[in-house]
Amino acid sequence: MILKRIPSVLITLLLVSGCAHYPRNARLTRSEPAAGYRFRPTTSPTNSSDLLLMLAFSGGGTRAAALAYGVLEELARTPLGAEATQHRMLDEVDIISSVSGGSFTAAYYARWGDRIFLDFESEFLKKNVQNALLLRVLSPWNQVRLASPKFNRTDLAAEYYDRRLFQGATYAELPGDRPFLCINATDTASGARFEFTQDQFDLLQSDLGPFPIARAVAASSAFPVLLTPVVLKNYSAEHPRPEPEWITSILDSPTASTRLKYLAAQARSYGDADRRFIHLLDGGISDNLGLRGALDRVIAREQFAEIPSVPWQLPRRVAIVVVNAHKDSDYGWDSQESPLSRVKLFSSLSHVAVSHYSFETLELFREVMARLGQEYTGTGDSAPAAVVPYVIELHFNQLADASDRRFFNSVPTTFALPSKTVDRLRQLAARELADNAEFRRLVSDLGGQPDATNLPARLSPPTTE
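Fair warning: this is a prediction, and the values are worked out from it, not measured in the lab.

What counts and what doesn't
- Residues numbered from 1 in each chain as written.
- Predicted model: local features only at pLDDT ≥ 70, side-chain atom pairs only at ≥ 80, totals over all residues.
- Heavy atoms only, no water.
- Phe/Tyr/Trp six-rings, centres within 6.5 Å; stacked < 30°, edge-to-face > 60°.
- Helix = DSSP H or I, 4+ residues; strand = E, 2+ residues; numbered from the N terminus.
- Buried < 20%, exposed > 50% of the residue type's maximum accessible area, 1.4 Å probe, protein only.
- Axes fitted to C-alpha atoms, helices over the stretch in contact; angles between N-to-C directions.
- Parallel < 35°, antiparallel > 145°, perpendicular 65-115°, else oblique.
- Left-handed = near helix turned anticlockwise from the far one by under 90°.
- Contact = heavy atoms within 4.5 Å.
- Nonpolar A, V, L, I, M, F, W, Y, C, P; charged D, E, K, R; others polar.
- Pairing = 2+ DSSP bridges.
- Core = buried A, V, L, I, M, F, W, Y, C linked by side-chain atoms within 4.5 Å.
- pLDDT = per-residue confidence, 0-100.
- Expected span 1.5 Å × (residues − 1).
- Polar contact = N/O pair within 3.5 Å; in protein donor to acceptor, adjacent residues only side chain to side chain.
- Salt bridge = Lys/Arg side-chain N within 4 Å of Asp/Glu carboxyl O.

A.B. asks: Tell me what's going on with the packing of aromatic side chains, and back it up with residues and numbers.
C.D. replies: All chains considered together, the criterion is met by 21 aromatic pairs. Centre to centre, the rings of Phe 104 and Phe 124 are 4.5 Å apart; their planes meet at 20°, and the pair counts as stacked. Residue Phe 104 is found in helix α3 (residues 101-112), and its partner Phe 124 is found in helix α4 (residues 116-125); the two are separated by 20 residues along the sequence. In terms of burial, Phe 104 and Phe 124 fall into one category: buried. Seen from their ring centres, Phe 196 and Phe 201 are 5.9 Å apart, and the 45° between their planes marks the pair as tilted.

In structure tokens:
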């Protein structure tokens, strides 16, 4: 009797395997430039029109997520304004641009607000996410689903993030006020940065509104080999429409820079008939700092073209906090004569490439922001005032104590860290932000003072965990 049932069980498993499919992104039925999840200028009693404040959260697994969380904690502890109108520096955040590990913190705060300070540690930072994902992959039921060519390990990860962190939330459910969330992934075909905004989805003729936030986070953190690409349907390949005016104006201009033309050509490529599906991997491949989007848009402003989602008229102050969780590692290149193993070679080359590209990105960004400081803002009869830029970077190599630098540079890129290490990362981020001279200048200019209360006088000694 049992033997007779085996063929029917196999048939059922095959049918289930064949039906397993990633959730497809929705088609955009009508193009409305003013609708959808896009950055828009806005003011509120707790968000000044005088300041554009952006946070950039880098990749780096739980290490990056914990540092980003510590920065949010410190911003929440920093009061601004007079007593009658006092509010938190955190309420001034306009944009959070994130990559990989930093995307978990960014997306959770964008969706749930201050709830992040109640349960994000237990739900993510201090949970062994790595083991949880492995158990899902090894589950017999999921092994059947993974046999489908249209369902992969990153789809499983997205389901886990959705249930554990985001509870089915989509981009349509994100609050309309601040902060604006910009999660970054990498288009594997072009190597270009891909951001989860409606402006980017317009190029695919797709609607970002019903897209799960968890899938954007999964794409942003899909490290190659360990995880697989998130796939998007590109409706523009089958039903081309007139491309956005900014693409045409840049490519047809004899004065546009080669950098801008390259960006425009990448955007135009989504109209190619052969690009029916877009495969997205870890955002750290194209930009591990989450800075390239802001950099590209500021460079565009310096010429003539306006890339979407950034106001042409800037406020009085423009500030960015770069939370760089990149760590320096010694892979032993120079300590031995024999060649490194393939695994170590791949790891070290990837690390060196990301480190060099991030350094160049940040230095270029500093140069552009310096030029931005020579611009003028203001309207009406009053004399225009210069835009005041603030670039605030947090990085392990800034630490004065050598033992601290060694400890934090030894924290691995993983989604499973000891609780004590998570706490040290949080404390480090809060302390370093509060002590940062550029941050203190910003807070002082805004009429407040960094609040260093409840912070340890110094980090606890490095421990072996």
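A.B. asks: A description of the packing of helix α14 (residues 402-409) against helix α15 (residues 419-435) should follow, citing residues and the corresponding values.
C.D. replies: Contact geometry for α14 and α15: axes closest at 12 Å, N-to-C directions at 125°. One finds that α14 runs oblique with respect to α15. Taken as a pair, α14 and α15 cross one another with a handedness that is left-handed. Residues Asp 404, Phe 407 and Phe 408 of α14 pack against Thr 421, Arg 424, Leu 425, Leu 428 and Arg 431 of α15. Of the residues assigned to the contact of α14 with α15, the class counts are four nonpolar, one polar and three charged.

A.B. asks: Account for the pairing of strand β5 (residues 93-99), naming residues and giving values.
C.D. replies: Here β5 lies mainly inside the structure; seven of its seven residues are buried. Pairing between strand β2 (residues 51-57) and β5: five bridges, direction parallel. Directly across from Phe 57, in β5, lies its bridge partner Ser 98. In this sheet, strand β6 (residues 180-187) lies alongside β5 in parallel orientation, the contact comprising five bridges. From the neighbouring strand, Ser 98 faces β6, where its bridge partner is Ile 183.

A.B. asks: Give a description of the nonpolar core that names residues and reports values.
C.D. replies: By size, the foremost hydrophobic cluster in this structure holds 119 residues, and its most contacted members are Leu 75, Phe 124, Tyr 161, Phe 166, Tyr 171, Leu 181 and Phe 196. Counting residues per element, this core draws most heavily on helix α2 (residues 61-77), at nine residues. Ignoring any residue separated from it by four or fewer positions in sequence, one finds Tyr 171 in contact with Tyr 37, Leu 181, Ile 183, Phe 196, Leu 208, Gly 209, Phe 211, Pro 212, Ile 213 and Ala 216.

A.B. asks: Residue-level account of the packing of α2 against α15, with values.
C.D. replies: Interaxial distance between α2 and α15 falls to 7 Å at its minimum, and their mutual angle equals 45°. Comparing the axis directions of α2 and α15 gives the class oblique. Judged by the twist between their axes, the crossing of α2 over α15 is right-handed. Counted together, Thr 62, Arg 63, Ala 66, Leu 67, Tyr 69, Gly 70, Val 71, Glu 73, Glu 74, Leu 75 and Arg 77 of α2 and Val 422, Leu 425, Arg 426, Leu 428, Ala 429, Ala 430, Leu 433 and Ala 434 of α15 form the full contact between these two elements. For the contact of α2 with α15, the residue count by class is twelve nonpolar, two polar and five charged.

A.B. asks: Tell me what's going on with the confidence of the model for the protein, and back it up with residues and numbers.
C.D. replies: Predicted confidence across the protein gives a mean pLDDT of 85, with 81% of residues reaching 70 or more. Mean pLDDT values for the elements of the protein range from 50 in helix α1 (residues 2-19) up to 98 in helix α9 (residues 213-220). Low confidence marks residues 9-17, where pLDDT is under 50. Its contacts with residues over four positions away, or in another chain, come to six contacts.

A.B. asks: Run through helix α7 (residues 153-166), naming residues and quoting values.
C.D. replies: Between its terminal C-alpha atoms α7 stretches 19 Å, which fits the 20 Å expected from 14 residues at 1.5 Å a residue. Residues Thr 154, Asp 155, Leu 156, Ala 157, Ala 158, Tyr 160, Tyr 161, Leu 165 and Phe 166 constitute the buried set of α7. Contacts made by the buried residues of α7 are with α3, α4, α5 (129-138), α6 (140-146), α9 and β9 (230-233). Where α7 begins, one side-chain oxygen reaches toward the backbone nitrogen of Thr 154, 3.0 Å away; that side chain belongs to Asn 152. Positive phi shows up at Gln 167, right after α7, with a value of about 50°.

A.B. asks: Go over the environment of Asp 445 with me, naming the residues and quoting the values.
C.D. replies: As for its placement among the helices and strands, Asp 445 is situated in helix α16 (residues 437-445). In this structure, Asp 445 is in contact with Arg 317 and Tyr 390, ignoring residues within four places of it in sequence.

A.B. asks: Would you mind going over the pattern of salt bridges in detail, with residue names and values included?
C.D. replies: For the coordinates displayed, the defined rule picks out 29 salt bridges. Two residues, Arg 88 and Asp 91, come together in a salt bridge whose shortest N-O distance is 2.8 Å. Taking the relative accessible area as the measure of exposure, Arg 88 reaches 22% and is therefore partly exposed. Measuring nitrogen to oxygen at the nearest pair gives 2.5 Å for the salt bridge that ties Arg 268 to Glu 243. Placement of Arg 268 in helix α11 (residues 258-268) and of Glu 243 in the loop between β9 and α10 (245-252) is noted, with a sequence separation of 25 residues between them. Owing to a relative accessible area of 36%, Arg 268 belongs among the partly exposed residues under this scheme. Since its relative accessible area comes to 26%, Glu 243 is described here as partly exposed. Among the ionic contacts, a cluster of salt bridges with common partners joins Glu 73, Glu 121, Lys 126, Asp 423 and Arg 426.

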